[in-house]
Amino acid sequence: MSDKTKIEWSDSTWNPVTGCTKVSEGCRNCYAKTFAERFEGTPGHYFESGFKVTLRPERLGQPLRWKRPRKIFVNSMSDLFHPDVPDEYIDRVFAVMALCPQHTFQVLTKRPERMREYLSDRKEVVNETIAFNMMDVPTRHIGKRWGGWTPAQTGEYGRVEIPGYFDDVSIDWPLPNVWLGVSVENQQAADERIPLLLQTPAAVRFLSCEPLLGPVNLGKWLLTQGWSPSYYDPDNIHGYPESEPTNEHINWVIVGGESGRNARPMHPNWARSLRNQCNAAGVPFFFKQWGEWKKVHDLSANDPGIKGKLWHTFDPDTSVCRIGKEAAGRMLDGRVWSEMPLVGGGESEQP
Ligand code: SF4
């Protein structure tokens with residue numbers, strides 16, 4: 001399996017776990033499940049067990065071997081905080097991420113409650129996991145910064161059993177190179193997951209609004225970040241609520257429509273609204289893709305180029321056509337939006 005990814009906001013994927021179970025509407029057409037289940041029951045195939053949650057400890061050391069700095073999407077084929085993934089295994093994943101300060105890791109979940117609990121009290125255990133190489137990665141891949149272990153000291157996969165050694169290992173927590181995000185497919189997911197994300201210790205917090213299935217109002221969280229409803233809604237016709245008190249910020253928002261065979265259409269104004277909210281609050285905005293459906297200007301259903309394709313009408317002004325993901329592309333209002341957070345959050349850069 002290639003470590004390169006077509007996911008526009010990442011360079012590579014790393015899957016120390018595969019498999020998952022559905023939790024919300026955003027999961028209905030889960031790409032990972034569709035992909036894995038194609039091979040279920042195929043003897044000897046990597047996905048012989050389909051989409052059953054499977055730990056892949058043989059993949060734990062993979063990022064340690066990648067020298068060039070990358071943005072790495074962790075568990076594109078699973079959810080790291082699924083209840084079937086033991087805390088001790090998540091410790092090993094975080095230990096590897098701590099050992100790779102050259103990379104940026106992007107962890108996205110639909111289970112933010114467990115993520116918050118995990119991040120709130122596992123620092124010492126992750127320290128210990130590193131100190132005793134409980135990741136079971138080859139010691140030669142562990143940098144000098146962490147003690148310069150050699151196979152001669154420890155054996156190729158050895159535990160570090162030098163008295164007092166543990167005292168020398170101390171990681172920053174939350175890890176500065178780990179971005180934590182939640183999926184937000186609609187307002188209900190926003191209301192349930194964003195408060196938990198904001199209570200989670202993290203260097204960078206992000207939202208992945210994909211597949212975007214409805215309008216999402218981030219006002220009550222963005223208000224504390226300098227966002228103002230009057231920026232584009234002076235009469236507050238949407239009735240933006242009071243801000244929620246928090247010192248923590250949303251540092252990045254990704255938006256995308258759904259792709260795949262049963263993809264549901266996204267109203268262009270849902271994406272525009274999130275772009276406007278982010279722009280007004282100074283939050284980096286990344287428009288990943290339209291998905292399968294797009295509003296096709298100046299064409300009608302009788303046009304030869306799109307004749308026979310499916311249409312969906314949201315309202316008298318807005319019909320979208322199923323023209324396919326590649327054709328739909330990722331331009332929103334005449335430009336590509338690829339803003340990314342800088343570590344520490346709050347500012348943005350265009351790659
Ligand atoms: S949480 Fe993610 S990986 Fe798991 S079923 Fe839902 S979409 Fe798929």
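The following paragraphs examine the structure supplied in this document. In this text the structure is predicted, and so the values were computed from the model without any measurement.

Section: the packing of helix α3 (residues 87-98) against helix α4 (residues 112-121)
Inference 1: Contact pair α3 / α4: the axes reach a minimum separation of 12 Å and the direction vectors enclose 70°. Taken together, the axes of α3 and α4 lie roughly perpendicular to each other. Judged by the sense of rotation from one axis to the other, the crossing of α3 with α4 is right-handed. Across from D87, I90, D91 and F94 in α3, the residues of α4 making contact are R114, Y118 and L119.
Inference 2: By residue class, the composition of the contact of α3 with α4 is four nonpolar, no polar and three charged.

Some details on the packing of α4 against helix α7 (residues 187-198)
Inference 1: Closest axis-to-axis distance for the α4/α7 pair is 9 Å, and the angle between their directions is 10°. As far as their axial angle goes, α7 and α4 are roughly parallel. Of the residues in α7, those in contact with P112, E113, M115 and R116 of α4 are R193, L196 and L197.
Inference 2: Each residue belonging to the contact of α4 with α7 can be placed in one class, and the counts come to four nonpolar, no polar and three charged.

Here we look at the packing of aromatic side chains
For any pair of aromatic rings, the description rests on two quantities: the centre-to-centre distance and the angle between the ring planes.
Inference 1: Applying the stated criterion across every chain yields a total of 17 aromatic pairs.
Inference 2: A ring pair is formed by F35 and F39, whose centres lie 5.6 Å apart and whose planes are at 65°; its orientation type is edge-to-face.
Inference 3: You can call F39 partly exposed: its relative accessible area is 23%.
Inference 4: Where W179 meets W252, the ring centres are 5.4 Å apart and the plane angle is 80°; that geometry is what we call edge-to-face. With a gap of 73 residues between them, W179 in strand β6 (residues 178-183) and W252 in strand β8 (residues 252-256) connect regions that are remote in the sequence. For the pair W179 and W252, a shared accessibility class is recorded, and that class is buried.
Inference 5: Site record: aromatic cluster; members linked through ring pairs are W9, F73, W179, F206, W252 and F286.
Inference 6: The ring of F47 carries the charged tip of R56 above its face, separated from the ring centre by 5.8 Å.
Inference 7: Over the face of the ring belonging to W337 we find R335, whose NZ or CZ atom lies 3.6 Å from the ring centre.

Quick notes on the nonpolar core
Inference 1: Residues F94, M97, L207 and V255 are the most contacted members of the largest nonpolar core, which totals 66 residues.
Inference 2: The element that contributes the greatest number of residues to this core is α3, accounting for eight residues.
Inference 3: With sequence-adjacent residues up to four places away left out, V255 is seen in contact with C209, L212, M266, A271, L274, F285, F286, F287, K288 and Q289.
Inference 4: Counting residues in each nonpolar core, the second largest holds 10 residues, with W9, L108, W179 and W252 among its members.

Remarks on the site of the ligand
Inference 1: Lining the immediate surroundings of the ligand are C20, T21, K22, C27, C30, S78, K110 and R111.
Inference 2: Among the residues making up the shell around the ligand, the classes are represented as three nonpolar, two polar and three charged.

Examining the state of the cysteines
Here is the idea: a disulfide is a covalent bond, and it sits between the sulfur atoms of two cysteines.
Inference 1: All chains considered together, the criterion is met by zero disulfides.
Inference 2: No disulfide involves C209; its nearest neighbouring cysteine sulfur is the one of C278, lying 7.6 Å away.

Considering the pairing of strand β12 (residues 318-322)
Each regular strand displays side chains that alternate between the two surfaces of the sheet.
Inference 1: Taking burial as the measure, the five residues of β12 include four buried ones, the bulk of the element.
Inference 2: One ladder, built from two bridges, connects strand β10 (residues 293-294) with β12; its direction is antiparallel. Bridge assignment links K294 to a residue of β12, and that residue is C321.
Inference 3: The pairing of strand β11 (residues 311-315) with β12 spans four bridges and is classified as antiparallel. Considered in β12, the bridge of D315 is made with T318.
Inference 4: Taken together, β11 and the strand that follows it, β12, pair antiparallel across an intervening segment of two residues.

Some words on the sheet that holds β11
Whenever strands of a sheet pair, they do so through backbone hydrogen bonds, lying parallel or antiparallel.
Inference 1: Strand order across the open sheet formed by three strands is β10-β12-β11, with antiparallel pairing between neighbours. Sheet topology places β10 and β11 at the edges, where each strand pairs with a single neighbour.

Looking at the environment of T318
Inference 1: Summarising the element assignment, T318 is placed in strand β12.
Inference 2: A relative accessible area of 5% means that T318 is categorised as buried.
Inference 3: When the C-alpha positions of T318 and K294 are compared, they lie 10.0 Å apart, and in sequence the two are 24 residues distant.
Inference 4: With near-sequence residues (within four places) excluded, T318 lies in contact with H267, P268, K295, H312 and T313.
Inference 5: A distance of 3.4 Å separates a polar atom in the side chain of T318 from a polar atom in the side chain of H267.

Calculation criteria
- Residues numbered from 1 in each chain as written.
- Predicted model: local features only at pLDDT ≥ 70, side-chain atom pairs only at ≥ 80, totals over all residues.
- Heavy atoms only, no water.
- Axes fitted to C-alpha atoms, helices over the stretch in contact; angles between N-to-C directions.
- Helix = DSSP H or I, 4+ residues; strand = E, 2+ residues; numbered from the N terminus.
- Parallel < 35°, antiparallel > 145°, perpendicular 65-115°, else oblique.
- Left-handed = near helix turned anticlockwise from the far one by under 90°.
- Contact = heavy atoms within 4.5 Å.
- Nonpolar A, V, L, I, M, F, W, Y, C, P; charged D, E, K, R; others polar.
- Phe/Tyr/Trp six-rings, centres within 6.5 Å; stacked < 30°, edge-to-face > 60°.
- Buried < 20%, exposed > 50% of the residue type's maximum accessible area, 1.4 Å probe, protein only.
- Lys NZ or Arg CZ within 6 Å of the ring centre and 35° of its normal.
- Core = buried A, V, L, I, M, F, W, Y, C linked by side-chain atoms within 4.5 Å.
- Near = heavy atom within 4 Å.
- Disulfide = S-S within 2.5 Å.
- Pairing = 2+ DSSP bridges.
- Polar contact = N/O pair within 3.5 Å; in protein donor to acceptor, adjacent residues only side chain to side chain.

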